[in-house]
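Structure at a glance
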Amino acid sequence: MKSDEMRLFQERVAALRVNPAAIESIRIHGTNGGVIQNAKGKKASIQIYTSIASNDGYINAEGAKKGLEVYGNLLREETKKSPGMHPEIEKLENIARSKQAVRCDIIRHESCKPVPERIMKALPEALRKYPTPFYIYDEQGIRETAGAYKKAFAWVKPGYRNYFAVKACPNPHIVNILKGEGFGADCSSLPELVIAEKLGLRGEEIIFTSNDTPAEEYVKAKKLGAIINLDDTSHIGYLDKNAGMPELICFRYNPGPLRKGNDIIGDPREAKYGVTTGQIQGAYIKAMELGAERFGLHTMVVSNMLDEQYLVETAVMLFKLAAMINHDTGINFDFINLGGGFGIPYKPEQAVIDLDKVSAGIRSAYKKYIRDMDLSPVRIVTECGRAITGPHGFLVSKVRHVSRKYKEFVGLDACMANLMRPALYGAYHHITVLGKENKPKDHVYDVTGSLCENNDKFAVNRPLPAVVPGDVLIIHDAGAHGYAMGFQYNGKLRCAELLAASGGKVRQIRRAEVMDDYLGTIENWP
Ligand SMILES: Cc1ncc(COP(=O)(O)O)c(C=O)c1O
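Residues numbered from 1 in each chain as written. Predicted model: local features only at pLDDT ≥ 70, side-chain atom pairs only at ≥ 80, totals over all residues.

A few words now on helix α1 (residues 3–14). Between its terminal C-alpha atoms α1 stretches 16 Å, which fits the 16 Å expected from 12 residues at 1.5 Å a residue. With respect to burial, α1 is a largely exposed element, only one of its 12 residues being buried. (Helix = DSSP H or I, 4+ residues; strand = E, 2+ residues; numbered from the N terminus. Expected span 1.5 Å × (residues − 1). Buried ≥ 20, exposed ≤ 12 C-beta atoms within 10 Å, placed from the backbone.)

A separate point is the site of the ligand. By nearness alone, 18 residues border the ligand, and A165, G340, C384, G385 and R386 come closest of all. Looking at the shell around the ligand residue by residue, the classes come out as seven nonpolar, seven polar and four charged. (Near = placed C-beta within 6 Å. Nonpolar A, V, L, I, M, F, W, Y, C, P; charged D, E, K, R; others polar.)

As summarised here, the arrangement of the eight strands in space is β6-β7-β8-β9-β10-β11-β12-β13, forming a closed barrel in which the pairing is parallel. Direction aside, neighbouring strands of the sheet carry axes that sit 25° apart on average. Here three bridges tie strand β6 (residues 160–165) to strand β7 (residues 184–187), and the two strands are oriented parallel to one another. Residue pairing in the sheet places Y163 in a bridge with G184 of β7. (Pairing = 2+ DSSP bridges. Axes fitted to C-alpha atoms, helices over the stretch in contact; angles between N-to-C directions.)

On to the domain arrangement of the protein chain. Assigned domains within the protein chain: domain 1 (3–108), domain 2 (111–135 + 391–519) and domain 3 (153–384). Computed over C-alpha atoms, the centres of domain 1 and domain 3 are 40 Å apart. Listed by partner, the interface residues are seven residues for domain 1 and five residues for domain 3. Of the residues in the side of domain 1 that touches domain 3, the class split is three nonpolar, two polar and two charged. (Domains from an automatic or database assignment. Contact = placed C-beta atoms within 7 Å.)

We now examine the sheet that holds strand β3 (residues 58–59). Sheet strands associate in pairs through backbone hydrogen bonding, adopting either a parallel or an antiparallel arrangement. Pairing in this open sheet of four strands is antiparallel, and the strands run β2-β1-β4-β3 from one edge to the other. Lying at the two open borders of the sheet, with one neighbouring strand each, are β2 (34–37) and β3. In terms of strand pairing, strand β1 (residues 23–28) meets strand β4 (residues 102–108) through five bridges, oriented antiparallel. Bridge pairing in β4 places I23 opposite R108.

Another point: the packing of helix α8 (residues 190–198) against helix α9 (residues 215–224). One can describe the packing of α8 onto α9 by two numbers: an axis separation of 10 Å at closest approach and a directional angle of 20°. In terms of their interaxial angle, α8 and α9 are classed as roughly parallel. Crossing of α8 over α9 shows left-handed handedness. For the pair α8 and α9, contact is made by L190, L193 and E197 and by E216, E217, K220, A221 and L224, respectively. Per-class residue counts for the contact of α8 with α9 are four nonpolar, no polar and four charged. (Parallel < 35°, antiparallel > 145°, perpendicular 65-115°, else oblique. Left-handed = near helix turned anticlockwise from the far one by under 90°.)

The subject of this paragraph is the environment of G504. Relative to the helices and strands, G504 resides in the loop between β20 (496–500) and β21 (506–510). G504 sits in the exposed class, given 11 other C-beta atoms within 10 Å. Expressed as a C-alpha distance, the spacing of G504 and A466, which sit 38 residues apart in the sequence, is 31 Å.

What follows is about the nonpolar core. Y135, I136, I206, I228 and I336 are the most contacted members of the largest nonpolar core, which has 120 residues in total. Broken down by element, this core gets its largest block of residues, eight residues, from helix α12 (residues 308–329). Residue contacts for I336: discarding those within four places in its chain leaves L297, L318, F319, A322, V378, I380 and V381. The next biggest cluster of nonpolar side chains, apart from the first, holds 22 residues, and it includes I28, A44, I59 and V102. (Core = buried A, V, L, I, M, F, W, Y, C linked by C-beta atoms within 7 Å.)

A separate point is the packing of helix α2 (residues 43–52) against helix α3 (residues 61–81). It is the contact of α2 with α3, at a shortest axis distance of 9 Å, that shows an interaxial angle of 150°. Put simply, α2 runs roughly antiparallel to α3. For the pair α2 and α3, the crossing hand works out as right-handed. In this structure, α2 uses I48, Y49 and I52 to contact α3, whose residues at the interface are G63, A64, K66, G67, V70 and Y71.

Listed below in structure tokens is the structure:
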């Protein structure tokens, strides 16, 4: 390959953002089968295959075509002329032509996603004292991540604050840790407002971002002096009538076709959230007429976004919009809220967001659209949840049964009622088998719970070491939108939450539910 073609190829591979060091090998099943070992000369293939395999271990024709686009025409031509020269490409050519998806095990190195040492130290005591399943959170890890966010945005002289999205991990002990780090609370409901209130968060330390909101929640938010973030133009009059227009008001902007959204949050045009481009200016004018004097602007268009550039583009979009609204209406913005949605690397091969890169991009946009346009001082606000606590929470569960049917199953004492993301979105959560970190991953299991639902699975077709009843499985990155999404279907009771505290002690911060929690709401019953 010529050097400029090689450079292009390497750029395309790098854009996949797959760290090849995290992958040991790839096992391709079926007639087309074979193993790609992560050896010299195979790194690009490893990256390409890993990026197109689904979380349940399949490559389909569409994925194969995407993979072939990365390989580029040159290599495809070469392999056509000299069959056998690039077997991985030939395999992809075959999959691209085939109607059936091909099973493909991505064998990941455990060392690229180890359970943090603090959790490893806390686990023996936790397992001795508390029955599984339980969640365990790493306090020091949460504090360090909070510190990294504050540091990254320290350049925002008018002020930066992350309002922790309480919905991500609504345990008051966790929210309190973040209060101690100077974070506010982003609340979406009355109970979340009450958590913030009881923790002593006051006034503009709370943002209330809700949708389809009942009047009593606006009344409570107004009483607390929280920043109210309106989701719809019809709520302007509704808020005014029921709670009174506050002095400070914010609107959630939905850019519709101007942004793409992503798989979890969807196309903004289909989203139920926010005020449209055509409505936004009128919304501020109406709020102003009803007495609002200070203003914020907010959006939330993506979830779990790892692409730094996309996060910067969201800021650019909001800064430009603020400048335009200022130009047309004379409104000065107190703050711009870039939303949550900063992603975390659920997979060992993914890289953590480069916060410095995000921060630098936002800084230069801030200079261009806010400072140089004389709009400053404008504070910057985020409402990240997942990025703050996600990597620091683990669901710990024991194996009850191992069974072999048409495939092999590992049945846990946790189920999707404890962690719903894999069943809800097909999300990948890495699983470590405690004490077997260095064993070969020579089995492929579906890791299931005990619900009467066949999608009650934490992982499908997951390469793991041989597992036996009693083994402890640690499900990673469960610290956000994990416990919080729990439910009681099939009479499954919610489990306990533990804190591996900074001093090294393990504390229970929420007990497990008992039968009375489940049956206690029923009327006229023995
Ligand atoms: C309005 C709003 N803000 C913030 C968040 C937090 O998102 P994340 O935890 O992905 O940062 C959410 C998540 O659903 C949200 O709906």
